[in-house]
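# Structure at a glance
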Amino acid sequence: MAVLAGQGFAQSPSTGYQNAAELQRSIERLARDHRAVVTVSEVARSPGKRPVTAIRLGAGTDPDGRPALLVLANAFGPHVVGSEVAMRIAAQLAAAYGKDASVTALLDARTIYIIPRANPDAAEAFFRTPLYEQVRNDGAADDDHDWDVDEDGPEDLNGDGLITMMRVRDPAGEWTADSADPALLRKADRAKGEAGVYRLYTEGRDNDQDQAWNEDPTGSTAVSANFTHQYDFFGDATGLYPMSAPETKGVADFLIAHPNIAAVYVLGPQDNLLTPWAHKGGEGLGGKGEGTSAGGPFTSILEADQPFFEELATRFQKATGSKMGPTSAPLSGDPLSWAYYDMGRWAFGSRVWWIPDSTAADTTTADSLASRQEARAEANAHGWIAANGGAGFVDWKRIDHPDFPGREVEVGGFAPFVGINPPAAMLDSLTRGQLAFVTELAGALSRITFRNVRVTAVGSRTYRIEAELANEGYFPTLSAIGVKAFWPRRVRLSLDPGRGEIVGGRAVELVGPISGSGGSEKFRWVVVGDAGSTVTITASSPVAGSASAPVTLR
Amino acid sequence: MTMTTRLSVLTLAAALSLLPAGAASAQSALAAMGSPPNPKVPVSWDRYYDHAAIADIGRRLQQAYPDRCRLGSIGKSHEGRDIWLLTVTNFGTGDADRKPGMYIDGNIHANEVQGTEISLYTAWYLCEMADRVPWVDSLLDARVFYIVPTINPDGREDFISKANTPHSPRSGVVPRDSDGDGVVDEDGYDDLDGDGNITQMRRRNPNGRWIPSPVDPRIMIRAEADQPGEYEMLGEEGIDNDGDGVVNEDGVAYAYDPNRNWPWNWQPRYVQGGADYYPGSLPETRAVMQFIIGHPNIAGVQTYHNFGGWILRGPGVESDAYGGQDIQVYDAIGRVGETILPGYKYAVIWSGLYTTWGNELDWTYKGRGIISYSNELWTPFKYFEKPPEPNRYDRPEYQFDRLLLMREAVVPWTPYNHPQYGSIEIGGVKKQYIRAIPGFLLPAEAHRNMAFTVYQASQMPLVSVDSIAIRSLGGGLTEVTAIVTNQRLAPTHTEQDILNHITRPDWVTLEGAEVVAGFVVEDPLSGRAKEQLRNPRRIEVDNVPGMGTATVRWVVRGKGPFTVTVDSEKGGVGKRESGNAGK
């Protein structure tokens, strides 16, 4: 286990991470150094005028024309670890192309798109002093609806370069010190006769004198909450409407412009690889079926897709060695659920890193289940920080606060980004498992082929053609949600009779889904044509690949 | 006065000399009520205008009435056409964008053309009549109309200039792969007979299940269950262009539905057909969204569709909810609409029509807090001014065509040699029938719908400072109480608006003294008041209800006179001065 560098934050937690300008230079260098396999394009410009860039890894003539995986990272602004790992995956795949046989084969047959930093404005807060967890991009918004914009953000009152918390001693406050670990606060249970001791705020002043502290910081929209599925209209930092942020719209337009993207892997706070998504059944609105006009949208994955989520979770856990982790952040306007429910793609999500769990945290005293989970997580984090050199938690220390004259005000608590981004020394080792999973996932995409193509003469100039359309990949040619969502295309199967004529079977049809792992479907045509002439059967889908078989009539 | 009269007579004479020979002299005409007898901008309201003509009418209105009408654009369509905006108000009475605004658009569905003419007629009527009718004049002093005649100019152009059915295209022309085969718009309708209409194809077949109606053989009806038929119906005019065995499955007609592309309650296409990729994925949707978000003074919305004779409000989905007090406003205006528009019914979209997710007016109300209606223009009631009676052998539109249109509206069955179907016949209703209004009825329909929308506009909030009461508190302190009033049906903030903080509160500001404390008076009878700590000079009022008041109070140092202003984003601005506190 690497250790947070130094005591008292001699070194910034972002040391070893790349800010927007550095990341962009790395992306451009990667493209320069690996022209055969890397192409970059701009997906969007943030309100802070920073580029959102897509890296394409794929060799050969038509990388945009074959099944692809999209790795989307750092849409949740503080999750900079996602962009570092995504960038390392890109760099290692590019470097291995032409050297490592399996990577070469993969990038000859598949394409991997990587958008390493979907919310560059918010991520930039990781590289600024004072350090502050920012989820919003640099647009302007009136978060507290007081008709002033961005007028009350936090301040670093104790001058330690960090925005932490401040607690104000006040019997009207809701908080009290945890009896097992007095550095941590928990809600006082007044029903049990417990008195409150503290009011708790983000560190800062009440700049606009409205008796609310730091309620309208700089920025407008959390890119990771601005997608369509279960979008929280009028929510905190969710934007004016779904897809209102240029970064969100840019990511959406990128996926739409790349119908070959069959699966999306999102690095961020939503996880479905430690705890795979499950179908829940149940009725939609008014007892009508979910996924219909009357019944409304699906609220859980479709039953037929569940085994694939379970299997990929198993493969992920094997690739990364992870078994347990914190629960997933809720799904609301996030890219992971959008990719599955609205765009119909296979969608997997991983946090990449979290503070490892220790049973020592079980000593927490909080009672209710929700507060116990939260308190336990805090106790676990505090214990981990203490065991790793102490950086990451600021001990409570008294300051003079102009908004609270004569009162005891202390600043302290967890440092920003603790528990989200690991020390940079860990990035390489985290990348190993993630890279293994990404190649596993890209390799699992559908791969269609023709099997057992047969011609039988059934009469003068009349031939029966039979063929099995098979899928040698792992995933079916479409998921159940893919069929519903329509956007990922079905397989287009056609027979070109040349100078002959089709008298039975269809010249063109859309078929599938065809199961993976060798599953197949049988098709039959009857063609009238000259003996010795050739007809061609072709199957293709952007998400499942293509196959073609010439057939000589005889 | 005399001079002015003389001048206008001269101008009139000059204008008349430009009339083509044979036109009736306006001097000999007796003005009919409701119409300008001598419009500065003559427009025939018995036809459907294309993109260039819309701009031309707009330019002529702007030239004739530069202080009343301005032509602008809210953005570009997919094919680069301007989405025209006519701003109609008295530009001489203050900043137009600070007046309560009525937003009107039409033609979101490309084939629903007459929304454009109704919108244009509204601009034209208001401009032409303000000098004749004082009520219109004062309406334009206090209100602004933002009129966007078509928010689907590409689709409109397709409908007008290309062969279509009455129902196509519903979408715009942004390319979409409707059948999911990887090729875009490769198999649309084909105007086989070259008459500019897409009608029906039939083929004589003793095993078919269709026969011509004995009343009007142009009508095809199903044979009785136990009787043989004479024809099979082959669908709309077309061929299988891409050889996939399906005819007309991928044209621009229904590729998406622009009225399911809006952000409130948007759902993907397996819940809502036509939703497209995401809300605002279409450039036209986005242009309207940006315009409405950028104009918080908009307090009323009308988006014209066809057809069926409906005055619709949301929600489009049963599980969605509209605020109870807002519904009272909707109902009051909607019921007046039923009086103005005989044959039209006021109804809720999901229960009166069908479920729609992500429609325009649910976003303007639920997403932006604006009272919003959609009129479904034209109804079969209008054929004979009574509800149509079901008749197996006849249809009201065919009867109307026979009796009033002299058989102009239907293409008679005509033989055609189809490359795939062989010997067939082509015939049926023309595209500008069924949904679009026949020419001689269009002006009346335009006028009635205009009148409803103007009524809605007149009932948008309009605030003023009603009174200022002063009471000396002694010691140089004075209590100032101001009543702000809104003498219209609609509130300055709908419930939806208040709940979600969409529009800023109304500001009531006192000038002329040092403010010691400021209050919102919650109950004027008891005097119960809530202090506003921050910036008490400018009291924030959540809402001035329809036909109601809001009361504010200050304690000030000084005796006056005081000036009180009310500044409401949707209700306009008002001002009043008080006298002195006296002793």
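Along every chain, residues carry numbers that run from 1 in the direction the sequence is written. For naming, the first written chain is A and the first written ligand is 1, with later ones following in the order written. The predicted origin of the model limits local features to residues at a pLDDT of at least 70 and limits the giving and counting of side-chain atom pairs to 80 or more, whereas totals for whole chains, interfaces and linings rest on all residues.

### Side note on the domain arrangement of chain B
All names here are of chain B.
- Domain boundaries shown here were taken from an automatic or database domain assignment. Partitioning chain B into domains gives domain 1 (69-158 + 258-378 + 438-453), domain 2 (180-251 + 405-431) and domain 3 (463-577).
- For domain 1 and domain 3, the distance between their C-alpha centres works out to 32 Å.
- Contact with domain 1, which involves 18 residues of that partner, is made by 15 residues of domain 3.
- Looking at the side of domain 1 that touches domain 3, the elements that each hand over two or more residues are helix H7 (324-340) and helix H9 (360-367).
- We count a stretch as a helix when DSSP gives it H or I for four or more residues in a row; a strand needs E for two or more, and each element gets its number in order from the N terminus. Looking at which element gives the most residues to the side of domain 1 that touches domain 3, the answer is H7, with five residues.
- Think of it as three bins: nonpolar holds Ala, Val, Leu, Ile, Met, Phe, Trp, Tyr, Cys and Pro, charged holds Asp, Glu, Lys and Arg, and polar takes everything else, Gly as well. Among the residues forming the side of domain 1 that touches domain 3, the class breakdown is nine nonpolar, four polar and five charged. Contacts here follow a simple rule: the backbone-placed C-beta atoms of the two residues must lie within 7 Å.

### Observations concerning the nonpolar core
- We define a nonpolar core as a collection of buried residues of the types Ala, Val, Leu, Ile, Met, Phe, Trp, Tyr and Cys that are connected via C-beta atoms lying within 7 Å of each other. For the exposure call, what matters is how many other C-beta atoms sit within 10 Å of a residue's own: 20 or more marks it buried, 12 or fewer exposed, and in between partly exposed, using C-beta atoms placed from the backbone. Among the nonpolar cores identified, the biggest contains 239 residues, and Val71 and Ala90 of chain A together with Ala123 of chain B are the most heavily contacted of them.
- Counting residues per element, this core draws most heavily on helix H2 (residues 80-96) of chain A, at ten residues.
- Every residue in contact with Ala123 of chain B, bar those within four places of it in the chain, is listed here: Leu61, Cys69, Leu86, Val88, Phe145 and Ile147 of chain B.

### Structural notes on the sheet that holds strand S19 (residues 534-541) of chain A
Residues and elements named next belong to chain A.
- The sheet built from four strands is open, its strands ordered S17-S15-S19-S20 with antiparallel pairing. The outermost strands of the open sheet, each flanked by one partner alone, are strand S17 (508-511) and strand S20 (545-552). When the angles between neighbouring strand axes are averaged without regard to direction, this sheet yields 15 degrees.
- Here the rule is simple: two strands pair whenever DSSP picks up at least two bridges between them. Taken together, the five bridges between strand S15 (residues 491-496) and S19 define a ladder with antiparallel strand orientation. Within the sheet, the bridge partner assigned to Leu493 lies in S19 and is Ala539. Between the N-to-C directions of two axes lies an angle of 0 to 180 degrees, each axis being a line fitted to C-alpha atoms and, for a helix, fitted only over the stretch in contact.

### A few points about the packing of helix H2 (residues 51-64) of chain B against helix H3 (residues 114-129) of chain B
Residue and element names in this part refer to chain B.
- It is at 11 Å that the axes of H2 and H3 come closest, and there the two elements cross at 10 degrees. Considering their axes alone, H2 and H3 lie roughly parallel with respect to each other. Each of Ile54, Ile57 and Leu61 in H2 lies in contact with H3, whose residues at this interface are Thr116, Leu120, Ala123, Trp124 and Cys127.
- Split into classes, the residues belonging to the contact of H2 with H3 amount to seven nonpolar, one polar and no charged. For this classification, under 35 degrees means roughly parallel, over 145 means roughly antiparallel, 65 to 115 means roughly perpendicular, and everything else is oblique.

### Quick look at the interface of chain A and chain B
- Tallying the contact residues gives 33 residues for chain A and 28 residues for chain B.
- Broken down by class, the residue content of the side of chain A that touches chain B amounts to 18 nonpolar, eight polar and seven charged.

### Brief notes about the sheet that holds strand S23 (residues 572-577) of chain B
Residues and elements named next belong to chain B.
- Ordered in space as S20-S17-S22-S23, the four strands form an open sheet in which the pairing is antiparallel. Looking at which strands have only one partner, the edges of the open sheet turn out to be strand S20 (538-541) and S23. Ignoring strand direction, the axes of neighbouring strands in this sheet form an average angle of 15 degrees.
- By the bridge criterion, six bridges tie strand S22 (residues 563-568) to S23 in an arrangement that is antiparallel.

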